[in-house]
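Report on the structure
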Amino acid sequence: MAAILDVFDTVNSYYEMNGEAAFFKLSLLYSGTPAPEISAFEKYNPSHYHTSGQQDLVLIPAFEAVESSLSQPENKELLPWIQQQYKHGAEIGSFCTGAFLLAASGLLDGKEATTHINASPAFAVYFPDVILKQDAVVTHSDGIYTSGGATSTFHLLLKMIHNYCNRDVAVRMAKIFAIDMNREQQSYFGIFTPVRDHGDDLVYKIQNCIENDYDKSITIEDILQQIPSSRRNIIRRFKQATGNTLIEYLQKTRIEAAKKLLEQTNQSILEVMMHSGYNDTKAFRQLFKKSSGMTPKDYRDKFKPRAA
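No experiment lies behind these values; they were computed from the predicted model shown. (Residues numbered from 1 in each chain as written. Predicted model: local features only at pLDDT ≥ 70, side-chain atom pairs only at ≥ 80, totals over all residues. Heavy atoms only, no water.)

**Considerations on the overall build of the chain**
- Each helix and strand counted, the chain has 15 helices and 8 strands in total.
- Of all 308 residues assigned to the chain, the portion counted as buried reaches 44%.
- Considering only contacts in the chain between residues 6 or more positions apart, those separated by 24 or more positions represent 57%.
- Of the accessible surface of the chain, which amounts to about 16,600 Å², a share of 49% is contributed by carbon and sulfur atoms.
- Treating the 32 positive side-chain charges of the chain as one cloud and the 35 negative ones as another, the clouds have centres 9 Å apart. (Helix = DSSP H or I, 4+ residues; strand = E, 2+ residues; numbered from the N terminus. Buried < 20%, exposed > 50% of the residue type's maximum accessible area, 1.4 Å probe, protein only. Contact = heavy atoms within 4.5 Å. Areas by Shrake-Rupley, 256 points an atom, 1.4 Å probe, with all protein chains shown as cover. Lys, Arg positive; Asp, Glu negative; His and termini not counted. Charge placed at Lys NZ, Arg CZ, Asp CG, Glu CD.)

Next comes the structure, spelled out in structure tokens:
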């Protein structure tokens, strides 16, 4: 539950940071009596599912013990509710061994599903009418999602965010939480976020110069000439305030711009290079790979949505 809430809360924070309303309204629902004490999630006040009304998306978390999840009366009483939620338009998703409860509702019959790989043999015995894909990370069919074990949770969350929000938000969350289907390294999840709370007006002015003109063939010397202070003073204060040297800051700003162009446009690699302020192909490729851990082409292949 913590991972699920954390990711959706982060999506909401991202929208709010950009001046928009939170995208998701999150609720914790319980069955049985009395109401559970969930001190770990003080932000949420759990409510009984009977009073919840119709939902857009119902998520079933993992269970520690599969047999217990199926035998508990409070879970059994949820099954008709899950069926009705789906019948009236809600999408349903299960994480890891939560697939057992979802399958018990009958909604997975004849559909592909996955669960924790170690629980797959038991799942196949309990639910022979479900098409079990034990090696799958995520399945999605007719508004019903399932995910495999452990970190597969994050892959399903990304898919949902992609479907409900958009590709850009999903990519942003992938970077923030370092999620990747075939992860070999973490550098390509990096996002350059400039430090802005340092309170140094001189440094603000330099940052603005860089961020406004990075796409032009400017040099550090060009920037220094615009600032009414000694070179030594500028270099010292800028590094102290931002944690980067001037050249590092310029390069990171340009590479971050190149990443967005690769993700969001169909510009050629050459065009991306030029619009990011570079005019040397070899230098651009070397700096891009040093920063992101992959070539510009590989980065585009990973994060640019493919045509249907």
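Alright, that's what it looks like, and here's the rest.
**Details of helix H7 (residues 152-164)**
- Taking 1.5 Å of rise per residue, the 13 residues of H7 would be expected to cover 18 Å, and the 19 Å separating its terminal C-alpha atoms lies within 8% of that figure.
- Those residues of H7 not exposed but buried are Ser152, Thr153, His155, Leu156, Leu157, Leu158, Met160 and Ile161.
- Its buried side turned inward, H7 meets helix H1 (2-17), strand E3 (57-60), strand E4 (91-94), strand E7 (138-141), strand E8 (144-147) and helix H8 (167-176). (Expected span 1.5 Å × (residues − 1).)

**Digging into the side chain of threonine 146**
- By secondary structure assignment, the location of threonine 146 is in strand E8.
- On the basis of relative accessible area, threonine 146 is assigned to the buried category, the value being 0%.
- Only 2.9 Å separates the side chain of threonine 146 from the backbone nitrogen of threonine 114, close enough to count as a polar contact.
- At a separation of 2.4 Å, a polar atom in the side chain of threonine 146 contacts the side chain of threonine 139.
- Apart from the residues lying within four places of it in its own chain, the contact partners of threonine 146 are Ser94, Leu102, Leu108, Ala113, Thr114, Val137, Val138, Thr139 and Leu156. (Polar contact = N/O pair within 3.5 Å; in protein donor to acceptor, adjacent residues only side chain to side chain.)

**Details of the packing of helix H12 (residues 246-264) against helix H15 (residues 296-303)**
- Between H12 and H15, the least distance of the axes is 8 Å, while the angle of their chain directions is 50°. One way to sum up the angle between H12 and H15 is to call them oblique. In the packing of H12 onto H15, the handedness of the crossing is right-handed. Contact residues: H12 offers Lys259, Leu261, Leu262 and Glu263, while H15 offers Pro296, Tyr299, Arg300 and Phe303.
- In terms of residue class, the contact of H12 with H15 is made up of 5 nonpolar, no polar and 3 charged. (Axes fitted to C-alpha atoms, helices over the stretch in contact; angles between N-to-C directions. Parallel < 35°, antiparallel > 145°, perpendicular 65-115°, else oblique. Left-handed = near helix turned anticlockwise from the far one by under 90°. Nonpolar A, V, L, I, M, F, W, Y, C, P; charged D, E, K, R; others polar.)

**Focus on the sheet that holds E8**
- Strand order in the open sheet formed by 4 strands is E3-E4-E8-E7, with mixed pairing between adjacent strands. The sheet is open, and its two edges are formed by E3 and E7, each paired on a single side. Neighbouring strand axes in the sheet, compared pairwise and without regard to direction, differ in orientation by 10° on average.
- Where E7 meets E8, 4 bridges bridge the pair, whose relative direction is antiparallel. Residue pairing for E8: threonine 139 is matched across the bridge by threonine 146. (Pairing = 2+ DSSP bridges.)

**Some thoughts on the pattern of salt bridges**
- Summed over the entire model, instances satisfying the criterion amount to 10 salt bridges.
- Between glutamate 211 and arginine 196 there is a salt bridge; the shortest N-O distance is 2.5 Å. Of this pair, glutamate 211 sits in helix H9 (residues 201-213) while arginine 196 sits in the loop between H8 and H9, and the two are 15 residues apart along the sequence.
- You can call glutamate 211 partly exposed: its relative accessible area is 26%.
- Given a relative accessible area of 33%, arginine 196 falls into the partly exposed group.
- Between arginine 231 and glutamate 221 there is a salt bridge whose closest N-O contact spans 2.5 Å. With arginine 231 in helix H11 (residues 231-242) and glutamate 221 in helix H10 (residues 220-225), this residue pair connects regions lying 10 residues apart in the sequence. (Salt bridge = Lys/Arg side-chain N within 4 Å of Asp/Glu carboxyl O.)

**Examining the side chain of threonine 153**
- Along the polypeptide, threonine 153 turns up in helix H7.
- Once residues lying within four places of it in the same chain are set aside, the contact partners of threonine 153 are Ala3, Ile4, Phe95 and Ser147.

**Things to note about the nonpolar core**
- Counting 24 residues, the largest nonpolar core has Ile82, Ile92, Leu102, Leu108 and Phe123 as the members making the most contacts within it.
- Elements with a contribution of two residues or more to this core: E3, helix H2 (66-71), helix H4 (78-87) and helix H5 (99-104).
- The element contributing the most residues to this core is H5, with 5 residues.
- Beyond its immediate chain neighbours, meaning those up to four positions away, isoleucine 82 contacts Ile60, Ile92, Leu102, Ser105 and Leu107.
- Judged by nonpolar contacts, the second largest core, of 20 residues, contains Met160, Cys165, Ala170 and Met173. (Core = buried A, V, L, I, M, F, W, Y, C linked by side-chain atoms within 4.5 Å.)

**A few points about the packing of aromatic side chains**
- Within the structure shown, the criterion is met by 18 aromatic pairs.
- Between phenylalanine 100 and phenylalanine 127, the ring centres sit 6.0 Å apart and the planes meet at 70°, which makes this aromatic pair edge-to-face. Of this pair, phenylalanine 100 sits in helix H5 while phenylalanine 127 sits in the loop between helix H6 (120-126) and strand E6 (131-132), placing them 27 residues apart in sequence.
- Given the relative accessible area of 0%, phenylalanine 100 is considered buried.
- One aromatic cluster in this structure is built from Phe8, Tyr14, Tyr15, Phe23, Phe24 and Tyr164.
- Just above the ring of phenylalanine 303 sits the side chain of lysine 175; from NZ or CZ to the centre is 5.5 Å.
- In this arrangement the basic side chain of arginine 254 is found over the ring face of tyrosine 278, its NZ or CZ atom lying 5.3 Å from the centre. (Phe/Tyr/Trp six-rings, centres within 6.5 Å; stacked < 30°, edge-to-face > 60°. Lys NZ or Arg CZ within 6 Å of the ring centre and 35° of its normal.)

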